[in-house]
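# Coordinate analysis (summary)
Below, each chain spelled out in residue letters.
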Amino acid sequence: MGKSKTSDGVSSGLEGTARFQSCVQDQFDNLEKHTQWGIDVLEKYIKFVKERTEIELSYAKQLRNLSKKYQPKKNSKEEEEYRYTSTRAFLATLNEMNDYAGQHEVISENMTSLITGELTRYVQELKQERKSHFHDGRKAQQHIETCWKQLEASKRRFERDCKEADRAQQYFEKMDADINVTKADVEKARQQAQLRHQMAEDSKAEYSSTLQKFNSEQHDHYYTHIPNIFQKIQEMEERRIVRIGESMKTFAEVDRQVIPIIGKCLDEITKAAESIDHKNDSQLVIEAFKSGFEPPGDIDFEDFTQPMKRTISESSLSNSRGDGKSEPKFGGKSKGKLWPFIKKNKLSLKLGAGPEDFSNLPPEQRRKKLQQKVDELNKDIQKEMDQRDALTKMKDVYIKNPQMGDAASVDHRLAELGQNIEKLRIEVQKFEGWLAEVEGRLPPRTEQARRQSGLYEAQNTSAVNSCAQDRESSPDGSYTEEQSQETEMKVPATDFDDEFDDEEPLPTIGTCKALYTFEGQNEGTISVAEGEMLYVIEEDKGDGWTRIRRNEDEEGYVPTSYVEVYLDKNAKGAMTYI
């Protein structure tokens, strides 16, 4: 009965130990889940800060692009606009916005280095530390479980040996009481009972030793090892919480550090706005656009009741236009001469495209456009030739190494490139022909040939024939229909029968006097002042423009209606435009 009570007590103790071990294991699982959640929270905050830095960088980039977009272009008309205080204030605003963008870049850089970078390294360290602590916890649990299993085995062995000893003792007593059993059998049963009793004693001693060892290990496990591990995990988790709090403070501090500089930027913008002087800007406009003309005087009363020559006051508007030049005559000439040049440009703008040979432009502009087109075509030819050379080399490689590819696969592309190059060369020849005509390397096309080009196809046939008859009746008598057709086959069409000869200057064929001031803003034109005397080097060919020269370096076109031309009498086709 004593043995039974002891065994029951030990069994109940082992059951309690098993339950407590299970409880500890559950706590480890809970802690493992919680610490992993803490790391997830930290990584989520890192991701939040990273996205904030990307937003700051993107915002700064957009601010810089915005500032750059509205900055004045160098050597452009916009630079002249920045003499006004309002536009200078706007320029200052753009510069300050650039600095403003720089502060947002600083925010991004500081958050990246002080928060994102630091927390990322800390998370890696935290994961390693967490892994180490839970590894130690699992190792301690495994050790106590091993000790507990050894105790269970020792207990079961002791219990088995005790039962065997009891059975051997009962067998011996039975044999000893039986008179029919031999003495040898009784002795054998007695020795077997003694052996079993000895084994039970040995198992008891082993079980007692194992039990003492287990109790010691269990005490150390629950009072030393596990508490230490839990304490380390607690400290680790507290450090994580403190670290994320410090990062949030840094997050706010990074923004707070740039607030003074951003405030200075805003102060400078305000200062620039306050520097705007509307009176000064208005005066600049007045100075820029004032004409300097005196208002016309009163018109004298003309008495038609007396036979007298009517006069006009010298201070009237008519005299301000020039002596001896009647306004109706000028108006009619202006309409007749300037309309074809201006109207065609407006028409081509409405249609969305001009003629292919740029004949709607003044000569110098046309020459530059043609040269630009020739350069573009040559670049396209060179690009196609480079592609052809590359494919040719590839084909040679394929021929030498068939395993790398089929040489016949590039033949089709080579044929396409050859056709493209040929087409581009034809285009180059066409534009070079037009360019040669403008530069004087080929004879210029006659008016009849020009009017047969695509630019005049929209006009009616009667208008074309009328213009052709006017040209055929010119004083030089050198124009014929046959010559026109022959020249048309050689060179393309143009709107202006003009040419530039940079090597040999054109001879002077007369002089002219500027009736009005003309600002030559387009290429190929020249500015003249009212009353200025100049030399005529090429008369009006029917397009409303006359080519003049001021000195050896300055020459260009002016509207014929703006000048009074005096051609030399021996000059071919001499005539006077008023």
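Our structure's up above, just so we're on the same page.
So, here's what we can say about the structure.

## Observations regarding the overall build of the protein chain
- Counting secondary structure elements, the protein chain contains eleven helices and five strands.
- Buried positions account for 32% of the 578 residues belonging to the protein chain.
- Put simply, 73% of the contacts in the protein chain that link residues at least 6 apart link residues at least 24 apart.
- Carbon and sulfur atoms provide 52% of the accessible area of the protein chain, an area that totals close to 37400 Å².

## Observations regarding the side chain of His104
- You can see His104 is positioned in helix H3 (residues 85–177).
- Ignoring sequence-local partners within four residues, the contact set of His104 consists of Glu56, Tyr59, Ala60 and Leu63.

## Points about the packing of aromatic side chains
- By the definition in use, this model includes ten aromatic pairs.
- On the basis of an interplanar angle of 50° and a centroid distance of 5.0 Å, the ring pair of Phe28 and Phe230 is categorised as tilted. You can see Phe28 sitting in helix H1 (residues 2–69) and its partner Phe230 sitting in helix H4 (residues 183–274), a full 202 residues away along the chain.
- Owing to a relative accessible area of 4%, Phe28 belongs among the buried residues under this scheme.
- Among the residues examined, Phe230 registers a relative accessible area of 26% and is labelled partly exposed.
- Ring centres of Phe48 and Phe251 lie 5.5 Å apart, and the angle between their planes is 35°; this geometry places the pair in the tilted category. Of this pair, Phe48 sits in helix H1 while Phe251 sits in helix H4, and the two are 203 residues apart along the sequence.
- Owing to a relative accessible area of 43%, Phe48 belongs among the partly exposed residues under this scheme.
- Residue Phe251 is classed as buried on the basis of its relative accessible area of 16%.
- Ring-pair connections join several aromatic residues into one group, and the members of that group are Tyr516, Phe518, Trp545 and Tyr562.
- Across the ring face of Tyr122, the terminal group of Arg243 is positioned such that the distance to the ring centre comes to 4.7 Å.

## Here's the deal with a nonpolar patch on the surface
- Side chains of Leu66, Tyr70 and Phe90 sit close together on the surface and give an oily, nonpolar patch of about 280 Å² of accessible area.
- For Tyr70, the location among the structural elements is in the loop between H1 and helix H2 (77–81).

## Details of the sheet that holds strand S2 (residues 533–538)
- The antiparallel open sheet is built from five strands, whose spatial order is S4-S3-S2-S1-S5. Both outer strands of the open sheet, strand S4 (555–559) and strand S5 (563–567), are each paired with one neighbouring strand and no more. The sheet shows a mean angle of 40° between the axes of neighbouring strands, taken without regard to direction.
- When strand S1 (residues 510–514) meets S2, the two strands line up antiparallel, connected through four bridges. Opposite Thr511, over in S2, you have Tyr535 as the bridge partner.

## Some points on the environment of Glu56
- Checked against the element boundaries, Glu56 lands in helix H1.
- With relative accessibility at 7%, the residue Glu56 sits in the buried group.
- With sequence-adjacent residues up to four places away left out, Glu56 is seen in contact with His104, Ile107 and Ser108.
- Looking at Glu56, its side chain comes within polar contact range of the side chain of Arg52, at 2.8 Å.

## Focus: helix H5 (residues 278–289)
- Taking 1.5 Å per residue, twelve residues should reach 16 Å; H5 reaches 17 Å between its end C-alpha atoms and fits that length.
- Among the residues of H5, the N-terminal cap falls to Asp277, whose side-chain oxygen and the backbone nitrogen of Lys279 are separated by 3.1 Å.

## What about the environment of Ala529?
- Here Ala529 is to be found in the loop between S1 and S2.
- Along the primary structure Ala529 and Ala514 are separated by 15 residues, whereas in three dimensions their C-alpha atoms are 6.5 Å apart.

## Quick notes on H4
- The end-to-end C-alpha distance of H4, which contains 92 residues, comes to 133 Å, matching closely the 136 Å that a straight helix rising 1.5 Å per residue would cover.
- Roughly 45° is the biggest bend found in H4, and it falls at His221.

## A look at the packing of H3 against H4
- Contact geometry for H3 and H4: axes closest at 6 Å, N-to-C directions at 170°. Our classification of the angle between H3 and H4 gives roughly antiparallel.
- Looking at the contact of H3 with H4 residue by residue, the classes come out as 47 nonpolar, 19 polar and 23 charged.

## Quick word on the side chain of Asp161
- Within the fold, Asp161 resides in helix H3.
- For Asp161, which is buried and forms no salt bridge, the nearest opposite charge comes from Arg160, at a distance of 4.2 Å.
- In contact with Asp161, other than residues within four places in its own chain, are Arg196, Met199, Ala200 and Ser203.

## Considerations on the pairing of S4
- With four of its five residues buried, S4 lies for the most part within the structure.
- Of the pairings in the sheet, the one linking strand S3 (residues 545–549) to S4 comprises five bridges and is antiparallel in character. From the neighbouring strand, Arg549 faces S4, where its bridge partner is Glu555.
- Counted along the chain from S3 to the antiparallel partner S4, the turn is five residues long.

Calculation notes
For every chain, the first residue of the written sequence is number 1, and numbering continues from 1 along that sequence. The predicted origin of the model limits local features to residues at a pLDDT of at least 70 and limits the giving and counting of side-chain atom pairs to 80 or more, whereas totals for whole chains, interfaces and linings rest on all residues. As a rule here, side-chain values come from all non-hydrogen atoms in the structure, and water together with hydrogens is ignored. Runs of E in the DSSP output that reach at least two residues are strands. Runs of H or I that reach at least four are helices, and both are numbered from the N terminus. Three exposure classes are used, based on accessible area relative to the maximum for each residue type with a 1.4 Å probe and protein chains only: buried under 20%, partly exposed in between, and exposed over 50%. The contact criterion used throughout is that any non-hydrogen atoms of two residues lie within 4.5 Å. Here the accessible surface of atoms and residues is derived via Shrake-Rupley with a 1.4 Å probe, and residues count as covered only by protein chains that are part of the display. Pairs were defined over the aromatic rings of Phe, Tyr and Trp, the Trp ring being its six-membered one, requiring ring centres within 6.5 Å. Orientation was assigned from the angle between planes: stacked under 30 degrees, edge-to-face over 60, tilted for the rest. Here, over-ring charges are defined by two tests on the NZ atom of lysine or the CZ atom of arginine: distance to the ring centre within 6 Å, and angle to the ring normal within 35 degrees. Think of a patch as exposed residues, more than 30% relative accessible area, with no salt bridge, where like charges cluster within 9 Å and nonpolar side chains (Val, Leu, Ile, Met, Phe, Trp, Tyr) cluster within 5 Å. Any Lys or Arg side-chain nitrogen located within 4 Å of an Asp or Glu carboxyl oxygen qualifies as a salt bridge. Think of it this way: DSSP has to see at least two bridges between two strands before they count as a pair. As a rule, the C-alpha atoms of each element are fitted with a line to give its axis, helices using only the stretch in contact, and angles between N-to-C directions run from 0 to 180 degrees. As used in this structure description, the phrase polar contact means that two N or O atoms lie within 3.5 Å; if the pair is within protein, one of them must be able to donate a hydrogen and the other to accept it, and residues adjacent in sequence are counted only when both atoms belong to side chains. How far a helix is expected to stretch is found by multiplying one less than its residue total by 1.5 Å. Values of bend correspond, residue by residue, to the angle between axes fitted over the seven residues ending at that residue and the seven starting there. Roughly parallel here means an angle under 35 degrees, roughly antiparallel means over 145, roughly perpendicular means 65 to 115, and every remaining angle is called oblique. Basically, the charged four are Asp, Glu, Lys and Arg, the nonpolar ten are Ala, Val, Leu, Ile, Met, Phe, Trp, Tyr, Cys and Pro, and anything else, Gly included, counts as polar. Within this scheme the basic residues Lys and Arg register as positive and the acidic residues Asp and Glu register as negative, but His and the chain ends are omitted.

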